[in-house]
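Take a look at the letters that make up each chain.
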Amino acid sequence: MVAAVRVHKFGGPEVLTYEDIAVPPPAAGEIRVKQHAIGVNFVDTYFRSGLYTPPGGLPFVAGNEAAGEVVDVGPGVTEFRRGDRVAYVQGPGCYSQERNVPADRAVKLPDNISYEQAAAMMLKGMTVEYLVRRTFKVEKGMNVLMHAAAGGVGLILCQWASHLGANVIGTVGSKEKADLARANGCHHTILYRDADFVGRVKEITGGALCDVVYDGIGKATFPASLDCIRPLGMFVSFGSASGPIEAFNINLLQFKGSLFATRPTLNTYAAKRGDLLSIAGELFAIVGSGAVKIPINQRYALRDAAKAHRELESRATTGSSILLP
Ligand SMILES: NC(=O)c1ccc[n+]([C@@H]2O[C@H](COP(=O)([O-])OP(=O)(O)OC[C@H]3O[C@@H](n4cnc5c(N)ncnc54)[C@H](OP(=O)(O)O)[C@@H]3O)[C@@H](O)[C@H]2O)c1
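Only a predicted model underlies this, so the values are computations on that prediction, with no experimental measurement involved.

**Student:** Before we go on, may I ask you to explain the pairing of strand β12 (residues 210-215) in this structure?
**Tutor:** The side chains of a regular strand alternate, residue by residue, between the two faces of the sheet. The element β12 is largely enclosed, with a buried count of 6 among its 6 residues. Pairing of strand β9 (residues 143-146) with β12, which is carried by 3 bridges, proceeds in the parallel orientation. Counted as the bridge partner of Met146 is Tyr214 from β12. With 5 bridges connecting them, β12 and strand β13 (residues 229-237) associate as parallel partners. By the bridge assignment, Cys210 is partnered in β13 with Ile229.

**Student:** Quick question: what am I supposed to make of the site of the ligand here?
**Tutor:** Looking at the ligand, there are 29 residues lining it, with Tyr130, Lys177, Tyr192, Gly216 and Arg315 nearest. Between an oxygen atom of the ligand and a main-chain N or O atom of Ser240, the distance comes to 3.3 Å. Protein contact buries 91% of the 910 Å² of open area that the ligand shows by itself. It is helix α2 (residues 115-135) that contributes the most residues to the shell around the ligand, 4 residues altogether.

**Student:** Please explain the sheet that holds β13 as it appears in this structure.
**Tutor:** For sheets, the rule is that strands pair by backbone hydrogen bonds, running either parallel or antiparallel. Spatially, 6 strands are ordered β11-β10-β9-β12-β13-β14 in an open sheet, and the strand pairing comes out parallel. Of all strands in the sheet, those bounded by a partner on one side alone are β11 (188-191) and β14 (260-262). In this sheet, adjacent strand axes meet at a mean angle of 15° when their direction is disregarded. Of the strands in this sheet, β12, β13 and β14 touch α2, which is tilted by about 150° from β13.

**Student:** Can you help me understand the environment of Phe260 in this one?
**Tutor:** Mapped onto the elements of the fold, Phe260 is located in strand β14. For Phe260, a relative accessible area of 48% gives the class partly exposed. Between the alpha carbons of Phe260 and Phe248 there is a distance of 14 Å; along the sequence they are 12 residues apart. Once residues lying within four places of it in the same chain are set aside, the contact partners of Phe260 are Leu232, Gly233, Met234 and Phe235.

**Student:** Got a minute to help me understand helix α1 (residues 42-49) in this structure?
**Tutor:** Every α-helical turn comprises 3.6 residues, leaving residues that sit three or four positions apart pointing alike. Across the 8 residues that make up α1, a large majority, 6, are buried. Buried within α1 we find Val43, Asp44, Thr45, Tyr46, Phe47 and Arg48. Two residues or fewer past α1, Gly50 is found with a positive phi of approximately 95°.

**Student:** Mind showing me how you'd approach the side chain of Asn184 here?
**Tutor:** One can find Asn184 in the loop between α4 (175-182) and β11. A relative accessible area of 12% places Asn184 in the buried class. Those residues in contact with Asn184, other than ones at most four positions away along the chain, are Leu155, Cys158, Gln159 and Pro295.

**Student:** Looking at this structure, I do not really get the environment of Gly288. What am I missing?
**Tutor:** Along the chain, Gly288 turns up in helix α8 (residues 273-289). Assessed through its relative accessible area of 40%, Gly288 is described here as partly exposed. In this structure, the C-alpha to C-alpha distance between Gly288 and Pro110, residues 178 residues apart in sequence, is 9.0 Å.

**Student:** Got a minute to help me understand the state of the cysteines in this structure?
**Tutor:** Between two cysteines, a covalent bond joining their sulfur atoms is known as a disulfide. In total, this model carries 0 disulfides according to the counting rule given. With no disulfide of its own, Cys228 lies closest to Cys210 among cysteine sulfurs, the gap being 6.1 Å. On the basis of relative accessibility, which here comes to 0%, the residue Cys228 falls in the buried class.

**Student:** Can you help me understand the layout of surface pockets in this one?
**Tutor:** By rolling a water-sized probe across the atoms, one finds the places where empty space is left. There is about 320 Å³ of room inside the second largest pocket. Forming the walls of the second largest pocket are 18 residues, and the residues nearest its centre are Val61, Pro92, Gly93, Arg99 and Asn100. Those elements that place two or more of their residues in the lining of the second largest pocket are β4 (60-61) and β7 (98-102). Top element by residues in the lining of the second largest pocket is β7. It accounts for 3 residues. Here the lining of the second largest pocket is built from residues that sort into 10 nonpolar, 6 polar and 2 charged.

**Student:** What exactly am I supposed to notice about the nonpolar core here?
**Tutor:** If you look at soluble globular proteins, the nonpolar side chains tend to sit buried side by side. Core analysis: the largest hydrophobic core is formed by 93 residues, its most contacted members being Ile31, Tyr95, Met126, Leu157, Tyr214 and Leu323. Ranked by residues supplied to this core, first place goes to α2 with 12 residues. With 19 residues, the next largest nonpolar core counts Ile169, Val198, Val201 and Leu209 among its residues.

**Student:** Is there a simple way to explain the packing of α2 against α8 in this structure?
**Tutor:** The relative placement of two packed helices comes down to the angle between their axes together with the axis-to-axis distance. In the contact formed by α2 and α8, the axes pass within 9 Å of each other and the chain directions differ by 105°. One way to sum up the angle between α2 and α8 is to call them roughly perpendicular. Side by side, α2 and α8 meet where Gln117, Met121, Met122, Gly125, Met126, Glu129, Tyr130 and Arg134 of the first sit next to Asp275, Leu276, Ser278, Ile279, Ala280, Glu282, Leu283, Phe284 and Val287 of the second.

**Student:** Looking at this structure, how should I read α8?
**Tutor:** An ideal rise of 1.5 Å per residue puts 24 Å on 17 residues; α8 measures up with 24 Å between its terminal C-alpha atoms. The complete set of buried residues in α8 reads Arg273, Leu276, Ile279, Ala280, Leu283, Phe284, Ile286 and Val287. Phi turns positive one or two residues past the end of α8, at Gly290, with a value near 90°.

Conventions we followed
- Residues numbered from 1 in each chain as written.
- Predicted model: local features only at pLDDT ≥ 70, side-chain atom pairs only at ≥ 80, totals over all residues.
- Heavy atoms only, no water.
- Buried < 20%, exposed > 50% of the residue type's maximum accessible area, 1.4 Å probe, protein only.
- Helix = DSSP H or I, 4+ residues; strand = E, 2+ residues; numbered from the N terminus.
- Pairing = 2+ DSSP bridges.
- Near = heavy atom within 4 Å.
- Polar contact = N/O pair within 3.5 Å; in protein donor to acceptor, adjacent residues only side chain to side chain.
- Areas by Shrake-Rupley, 256 points an atom, 1.4 Å probe, with all protein chains shown as cover.
- Axes fitted to C-alpha atoms, helices over the stretch in contact; angles between N-to-C directions.
- Contact = heavy atoms within 4.5 Å.
- Disulfide = S-S within 2.5 Å.
- 1 Å grid on protein atoms, 1.4 Å probe; cavity = no way out; pocket = protein on both sides within 12 Å on 5 of 7 lines; lining within 4 Å.
- Points joined across faces, edges and corners; volume = space filled by probe spheres on them.
- Nonpolar A, V, L, I, M, F, W, Y, C, P; charged D, E, K, R; others polar.
- Core = buried A, V, L, I, M, F, W, Y, C linked by side-chain atoms within 4.5 Å.
- Parallel < 35°, antiparallel > 145°, perpendicular 65-115°, else oblique.
- Expected span 1.5 Å × (residues − 1).

Okay, structure coming up:
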């Protein structure tokens, strides 16, 4: 038996139940991982609340990202062996001391990436890689707006876009978050709870507006985000921290300047093993070079997963949060 955090019914953080579960031997194509660190992500709250449906139904082990050591391999696995250091995005199922993972979803960790760093960045950092290099190629001199710039995805994206030479504008919920975002590559911050962020983006860009807006907030920033984008620019809606965007008339994109809009997920971008390895490789390279750092600003014991969710959802966290089994 191993300790895990399960959800038996959908609801608030209180439904996260710390208990012992049995983990069967790894099936064909699976590896068994002894987890050393587990990432906490907003998507974990979507599954917990029932906004997203867990593929195997209830009950399920929460969590979508972790790093650890291979302790067993199932039949047919040739790429991994016992003792390998690995990390992966595969959920739900990660809030557990040990679990089985499909081997084709795991990647080997380079020696210079720690378990904690990996658990804090596989989901968020690979997301940033595809957002700034694949969904829209951020280039030198571009204006980029990132909402929730001091969050987990936010701090990584600000550093990466700044490294690419972009002028990075970030919205944040407090002065402390503004300081943190600026220390992590964000050139201009906007306190969007107090100020009209569209007006501030116009001022900051001298009316040119942004080439791309990365919006993980959803309901609360839509459709205003569209007014921050230059004609023919790109709206990237990649999350719903404030609730999902409601149905809208596609003609809106015409009136806002022939905009492009997309709603991407890491699952699609990393669906093929070759793409997963390429995205992870780019992330390991940029973190290994020191150009992008992974701020881990909250650490919790696995049994305190409910506290981690409460703090994430109440906008009390910055950077990445991890659980320690
Ligand atoms: N599509 C993908 O592939 C993908 C992958 C990873 C993450 N995501 C999305 O990226 C976003 C960020 O994820 P994360 O894990 O890094 O979280 P996070 O940014 O660390 O936390 C969410 C932040 O959103 C802001 N926020 C604004 N309104 C909010 C509200 N009503 N409730 C809660 N927070 C609110 C808060 O920052 P302020 O106080 O500064 O406003 C909060 O700190 C989420 O929407 C997530 O679903 C998408």
